[in-house]
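Fold and geometry: a report
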Amino acid sequence: MIRTAHAVINLSFLAHNVAQVRKAAPNSKLMAVIKANAYGHGLSRIAEALDGLVDGFAVARVQEGVSLRNAGLWQRIVVLEGFTEREEVFDLLDFELEVSLHSPHQLEILKHVHRPAPLNVWLKIDTGMNRLGFKPDTIPTSYAQLMACEMVKKPLNFMTHFANADDKNDSKTAKQIALFKQLTADYEGEKSMANSAGILAWQDSQTDWIRAGIMLYGISPFSDSTGAELGLKPLMSLHSRLISVRDVATGETVGYSGTWTSEKATKLGVVAIGYGDGYPRYAQNGTPVLINGERVPLVGRVSMDMITVDLGLNSTAKAGDSVTLWGEKLPVEEIARWANTIPYTLVCGITPRVEILESRHSDTFF
Ligand SMILES: *Cc1c(COP(=O)(O)O)cnc(C)c1O
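What this report covers is the structure whose coordinates are included nearby. (Residues numbered from 1 in each chain as written. Predicted model: local features only at pLDDT ≥ 70, side-chain atom pairs only at ≥ 80, totals over all residues. Heavy atoms only, no water.)

Bringing the overall build of the chain into the picture now. Regarding its fold elements, the chain presents 11 helices and 18 strands. Over its C-alpha atoms, taken along the principal directions, the chain stretches across nearly 75 × 45 × 40 Å. The buried share among the 366 residues of the chain stands at 54%. In the chain, the share of contacts with a sequence separation of at least 24, taken over all contacts with a separation of at least 6, comes to 65%. (Helix = DSSP H or I, 4+ residues; strand = E, 2+ residues; numbered from the N terminus. Buried < 20%, exposed > 50% of the residue type's maximum accessible area, 1.4 Å probe, protein only. Contact = heavy atoms within 4.5 Å.)

The following block contains the structure:
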């Protein structure tokens, strides 16, 4: 079958990216963050490929942990959002999942669960993110209550999450690190702070465990660099093909609302990809698209199933030619900037309509 919109996940790059994480944080254990369908790359595909390369996994939801166990994964798995209801505690226990405990109401639920095997708990401390976690002044009492709870495996572990680690000039991260270290200094148990930006920009945040997400997929956590510039290789590339080439005269508008007008006669290419595939609706005029290895600018609005590009008057591109929307030669970080978003949303946002192919070649075949 001839393919239109499809993504290629190059699994041979994973080991390289893991090695880069290990190089950046040689003394920490590595928890691979594979929530949200492994950032759009496929949960079980990525988990299986990482098997043996990392020390544990983290997901956001209980269901994600359960699917990993059902896929045969036996390593440690931490559920970062924890549980909200009692039933979920039984799933965590049945599937031997570890849990981030961030709210007093979870503690209340745990106090009323009685099972023979305890739960491995990470006490989440809110050091400034103000999303999940116990407030600093409540740590001594929460710690005591958790230690007294029969369902909590001892010793207790600790984690926190950074709000601004991607900004190397923001002093907030140093404050979060200091606060976390101060609050947990007297307690045994494993400690974890760093996400990808923390690993790369804040060495002090590398404790027992680091939690790497975006950089494993070869993407930069910073807005001013690409994964390639950090020595990483992007796993995902997104492709489709040209389905029509047409002439436009000077002064014609293109697409919905006519947001682009041709300044001179040119050839317009229509590509079979749109927001229905996860290509960002807010990609602006000028967003680069690769056709036959050459960059051409997106022009006009992104529609559900199509985009239009300015091929130039002398282009020899024709219907059927292959198109790359992002990948090794066109960083997803760059597309994110054109669409006023972050690369996380682009890779997470690939829709089920996009066929996913796996590659294990060390060089790209597109
Ligand atoms: C998503 C997430 C991470 C991973 O963040 P990256 O920026 O992708 O490395 C780490 N910790 C927590 C709590 C998260 O929610």
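Back to the text.
Inspection of helix 3 (residues 43-50) places Leu43, Ile46, Ala47 and Leu50 among the buried residues, and these make up the whole buried set. Buried residues along helix 3 cover an arc of 100° about the axis, so they all sit on one side. Elements in contact with the buried residues of helix 3: strand 1 (6-10), helix 1 (12-24), strand 2 (29-33), helix 2 (35-39), strand 3 (56-59) and helix 4 (62-70). (Arc of directions from axis to C-beta.)

Before going further, it helps to spend a moment on the environment of Thr4. Position of Thr4 relative to the elements: it lies in the segment before strand 1. By relative accessible area, which is 33% here, Thr4 ends up partly exposed. As for Thr4 and Ala49, which are separated by 45 residues in sequence, their C-alpha atoms are 26 Å apart. Ignoring any residue separated from it by four or fewer positions in sequence, one finds Thr4 in contact with His239, Ser240, Arg241 and Ala272.

Bringing the packing of aromatic side chains into the picture now. The description of two aromatic rings rests on the distance between their centres and on the angle between their planes. Taken as a whole and judged by the stated rule, the model has 5 aromatic pairs. Between Tyr143 and Tyr187, the aromatic rings sit 3.8 Å apart at their centres with planes inclined by 15°, giving stacked as the arrangement. One end of the pair, Tyr143, is in helix 7 (residues 139-148); the other, Tyr187, is in the loop between helix 8 (172-184) and strand 8 (191-192), with 44 residues separating them in the sequence. The burial state of Tyr143 is the same as that of Tyr187; both residues are buried. Residues Phe158 and Tyr187 carry aromatic rings whose centres are separated by 5.4 Å and whose planes lie at 10° to one another, so their mutual orientation is stacked. In this pair, Phe158 sits in strand 7 (residues 157-159) while Tyr187 sits in the loop between helix 8 and strand 8, placing the two residues 29 residues apart along the sequence. An identical accessibility class is assigned to Phe158 and Tyr187; each is buried. (Phe/Tyr/Trp six-rings, centres within 6.5 Å; stacked < 30°, edge-to-face > 60°.)

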